[in-house]
2 protein chains.
Amino acid sequence: MRQQRLLNPTLRDVPGDAEAASHRLMLRAGLIRQLSSGIYSYLPLGLKALQHIQTIVREEMDRAGAQEMLMPALHPAELWKASGRWDVYGPELMRLEDRNGREFALGATHEEVITTLIKDEIHSYKKLPVTLYQIQTKYRDERRPRFGLLRGREFLMKDAYSFDRSTSGLDASYQAMFDAYVNIFTRCGLQFRAVEADSGAIGGTDTHEFMALADVGEDTIVHCPSCQYAANLEKATGVITNEGTSSTGLPQAQPTKIHTPGVTSIKQLSQFLTIEPQQIIKSVAIKAEGAPVIVLIRGDLEINEIKLKQVLGVAEITMLSEAEIQALGSIAGFIGPVGLSSVKLLADTSIQGLNNAVVGANEADYHLQHVDVQRDLGELTYVDVRNVGQGESCIHCGNELAFARGIEVGHVFKLGTKYSESLGATFSDENGVSEPMIMGCYGIGVSRVLAAVIEQHQDERGIIWPNAIAPYSIHLLTVQVKDEAQMTLSEEIYQTLTSAGYSVLWDDREERPGVKFNDADLLGFPLRLTVGKKTSERIIECKERRQGEVYELNVEQLLTHCQSLFN
Amino acid sequence: MRQQRLLNPTLRDVPGDAEAASHRLMLRAGLIRQLSSGIYSYLPLGLKALQHIQTIVREEMDRAGAQEMLMPALHPAELWKASGRWDVYGPELMRLEDRNGREFALGATHEEVITTLIKDEIHSYKKLPVTLYQIQTKYRDERRPRFGLLRGREFLMKDAYSFDRSTSGLDASYQAMFDAYVNIFTRCGLQFRAVEADSGAIGGTDTHEFMALADVGEDTIVHCPSCQYAANLEKATGVITNEGTSSTGLPQAQPTKIHTPGVTSIKQLSQFLTIEPQQIIKSVAIKAEGAPVIVLIRGDLEINEIKLKQVLGVAEITMLSEAEIQALGSIAGFIGPVGLSSVKLLADTSIQGLNNAVVGANEADYHLQHVDVQRDLGELTYVDVRNVGQGESCIHCGNELAFARGIEVGHVFKLGTKYSESLGATFSDENGVSEPMIMGCYGIGVSRVLAAVIEQHQDERGIIWPNAIAPYSIHLLTVQVKDEAQMTLSEEIYQTLTSAGYSVLWDDREERPGVKFNDADLLGFPLRLTVGKKTSERIIECKERRQGEVYELNVEQLLTHCQSLFN
């Protein structure tokens, strides 16, 4: 392709609201343009990269035995009503009516459509298992679209669905997709972690999220640098040992009331008493489906609502009101476990072993010092209901856990029978007995992968494409397009390389060399070849975008050189 | 691919409302399934064929110098309001609101989006011409979706848009797309005609429709079997010679009133007088933007409203009311040109040379016989405002025109400046003068092409795929899957063929041979190979779906045989 003709409007400056590096670079390099909030057009170079990702996805899905199909974006409302999601999904689901007043959803995901299709087409165990996938445009009306392709409202997704007759079958289908995802993200050049995630209220069991590591990521990953353990913050667990810390090191005094006027937060309290937050036990008063519960957790840590709901076996948790706290015999801001006999106590394992802690005194403007958990709080139920904190160690190998930010690029999920039961997708086994199919679902945000790749592969000058995704492998620059010899040699190189199967963008524009070099760095194809001063000697200049150094090469060695770089 | 695992639910019977052969066959062969009226899922085999068409489209568009990009389906209403189409498009345009109450259209076509993008990104003549295309899902809420993929509400389209600085530039861009379309439809195995079409009120000039010939087609094509002339009925012109017909052969009597009580239609009149409709001149009273006009046309022919509007230079035509006809001095059912001096007469060329015609007498229950057009009607303005009729001859070569039915699979259109002016897409020329870009637009109904291919390539047993589109090239059948020798030889053949790059579907199902043979004919891949009785002799049976005859082949000759068939 000759660049003179290419629709590739590069920019020096980008709109101030482009926060993510990938967003800025995709705008600057002329890969995408915004049409409306969270809705983008792909210009030629952006689409090429997107297509390369699609090719990798297809190859690995096919290799894993999944079959490609294509479903519509317009979904009749009846299907979503049958699954119950028409009401649950909320304003993220875009809805419209056709000319006859029939309601439709714009597909945010395709469980309803595929399950209905399979229900009609597969009736016997003989046609199971089957895994189907599509690469298709999805619609989600995000409350706050941002970061360019990282959180859009119209985006490209690969979604797959497996149908099995047994849970062990589902395990195998799930593992096949898991392995395919590892291959896909590896081939895309992503640094990623497959993290354990919470299966939430959807009724599934196992679930993993594939997280591309990046500071701009909206998810926090907890991982062990020594072993393979990784989970997202909602799911991660760690081990806390309070032994030998300041909260366990002092002689055991008796609980003592201390006047703390107007001191109601952990931060205020630790400053007022000049102690570490780790020495404070936070007492959080909640209501779990009507019943009050006091959750005890170390002062520096946060309650993980998802874990708490699971531990309590409830779907909703609210905070107790001030009046409800008073009814328990306490007062907001000064709640504590000592002497609160009428209410259920739940202790996070983070308070285990504390023997010199501060708690609320259930009395306005007072706390209790020198509380020994074991001595003063009696028999406690210990549970894990916290977000893992700094300094916790790995439950598998004991080494200290690390934290990272991640972009969710993929998700594998054991759905079970939620959709097959609500939509009636059953099969007959060998004995003619009807059973619901056991399903899994598997998603990759294809357009989000593109942004994540750029997020991980860039520097201050521009994008640094991995070979497999680069819109073009080689950027051929002619320094002086009015110099006939340079153009002739460029043409020869262009023909040689394209005939050998390399994709080449030839910068034949009448621009100053500085502009061309800057654009080449911005566009970031793996190899830049410059035809310039030494044309008469048939010597060109090479620059590998990732390494950065510039070296000369005789044209006769070019093909061998490219083979060593790209094969 | 092994068929046992393939999601390919074939059917013996199809729903009664599937009228078109392609619709019936796509359902029976398990290529598509309907989700809602005019909205379909592509099952694995259907998608493969669709992807083969996409590949052909991409290759030919790229070869023609067009650049691929991808635009969203969600269009902000403002763009459609700016072009004026928000109001004009009517209920075919699907509309919705996002969570903030902002209005969107689901893209029925992308002139607004691409023109706005180009307006922002191209400002100089140096970046012109450029042609951009996408393969993308379109939405049109058809009043009456039917014929499966032939008229759907969600469908796959290739749409392209060219931007030029001059009309001669547009001519070249248009011709490049025209030629690419010829290549695309030829490679898809379609019998088609590029027909002249009417550019209508969109303000364009040249336009051609690509029509796949098929009886189920909703358009009528007029074409010359001797030369290349072809046009759709709205645009077609022919030559009528009335010389030597019954309406010109009699001696010239004077006009004579004849009593024709209650005889008001051409059919009644020709029966009443026992003459041919060709001997009658129909006088049609219309109102063109307020002004009455009497259109004279031979009795056997129909007025073409589009031609008439163009001749009169008006956008709307209505019929005159009975009162308005009386005000002209005539009466409905008996209008005639003789003595109607107060109104404009417009004569279709079909009445030229008639000298023994019957016309209305402008008096209830009376007609005039023996009217000589030249003698009795004075100076007439002759125009072509009719649909071409049976027996007309080609304006180019004089041979008799033929009629056919067609499916519109492509459309090329010179848009001019309609969108660039309304949306402000201008460029600066060498002198810094700002001009609107000159646009063309070019569409292919990709999913409709798939249906049209099947419409043309099928028999009573099933589909007969052209090689380039077939989901698989080769269908390998194992007659007895429980026979180990047959399975071993089948496996060997499968490996040999797939290694050589052929796509093979291996029917390894435990089904009766009759079922397998019927399914193979229904699925219609070009070559069927059957491993059966002569396995021990390494002899297999071949059947080319298009030819139909069955012959034997030694496995050792298989690759050579496939090369001769497919290369």
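Residues numbered from 1 in each chain as written. Chains lettered and ligands numbered in written order. Predicted model: local features only at pLDDT ≥ 70, side-chain atom pairs only at ≥ 80, totals over all residues. Heavy atoms only, no water.

1. Description of the domain arrangement of chain A
All names here are of chain A.
Phase 1: You can read the domains of chain A as domain 1 (3-236 + 404-454), domain 2 (256-383) and domain 3 (474-566).
Phase 2: Centre-to-centre separation of domain 1 and domain 2, based on C-alpha positions: 40 Å.
Phase 3: Across the boundary between the two partners, domain 1 contributes 5 residues, which contact 4 residues of domain 2.
Phase 4: Contact with domain 2 buries area across many residues of domain 1, yet Asp 198, Glu 234 and Ala 236 alone supply 82% of it, more than any other trio.
Phase 5: Taken together, the connections running from domain 1 to domain 2 amount to 0 salt bridges.
Phase 6: Between domain 1 and domain 2 we count 3 residue pairs in polar contact (both at pLDDT 80 or more) in total.
Phase 7: Of the residues in the side of domain 1 that touches domain 2, the class split is 2 nonpolar, no polar and 3 charged. (Domains from an automatic or database assignment. Contact = heavy atoms within 4.5 Å. Buried area = accessible area lost by both parts, 1.4 Å probe. Salt bridge = Lys/Arg side-chain N within 4 Å of Asp/Glu carboxyl O. Polar contact = N/O pair within 3.5 Å; in protein donor to acceptor, adjacent residues only side chain to side chain. Nonpolar A, V, L, I, M, F, W, Y, C, P; charged D, E, K, R; others polar.)

2. Some points on the pattern of salt bridges
Phase 1: One pass over the structure, following the stated rule, counts 81 salt bridges over all chains.
Phase 2: Arg375(A) serves as the salt-bridge partner of Asp376(A), at 2.8 Å between the closest nitrogen and oxygen.
Phase 3: Residue classification places Arg375(A) among the partly exposed positions, given a relative accessible area of 32%.
Phase 4: When the shortest N-O distance is used, the salt bridge between Glu552(B) and Lys534(B) registers 2.9 Å. Here Glu552(B) is found in strand β31 (residues 550-554), whereas its partner Lys534(B) is found in the loop between β29 (527-531) and β30 (539-544), with 18 residues between them in sequence.
Phase 5: For Glu552(B), a relative accessible area of 48% translates into the label partly exposed.
Phase 6: For Lys534(B), a relative accessible area of 31% gives the class partly exposed.
Phase 7: When salt bridges that share partners are traced, they join Lys307(A), Asp348(A), Asp384(A), Arg386(A) and Glu392(A) into one network. (Buried < 20%, exposed > 50% of the residue type's maximum accessible area, 1.4 Å probe, protein only. Helix = DSSP H or I, 4+ residues; strand = E, 2+ residues; numbered from the N terminus.)

3. Description of empty space enclosed by the protein
All names here are of chain A.
Phase 1: Tallied over the full model, the rule gives 4 cavities of 30 Å³ or more.
Phase 2: Approximately 50 Å³ is the volume attributed to the largest cavity.
Phase 3: Lining the largest cavity are His 475, Ala 520, Asp 521, Phe 525, Arg 528, Lys 543 and Arg 545.
Phase 4: A breakdown of the residues in the lining of the largest cavity according to their chemical character gives 2 nonpolar, 1 polar and 4 charged.
Phase 5: There is about 40 Å³ of room inside the second largest cavity. (1 Å grid on protein atoms, 1.4 Å probe; cavity = no way out; pocket = protein on both sides within 12 Å on 5 of 7 lines; lining within 4 Å. Points joined across faces, edges and corners; volume = space filled by probe spheres on them.)

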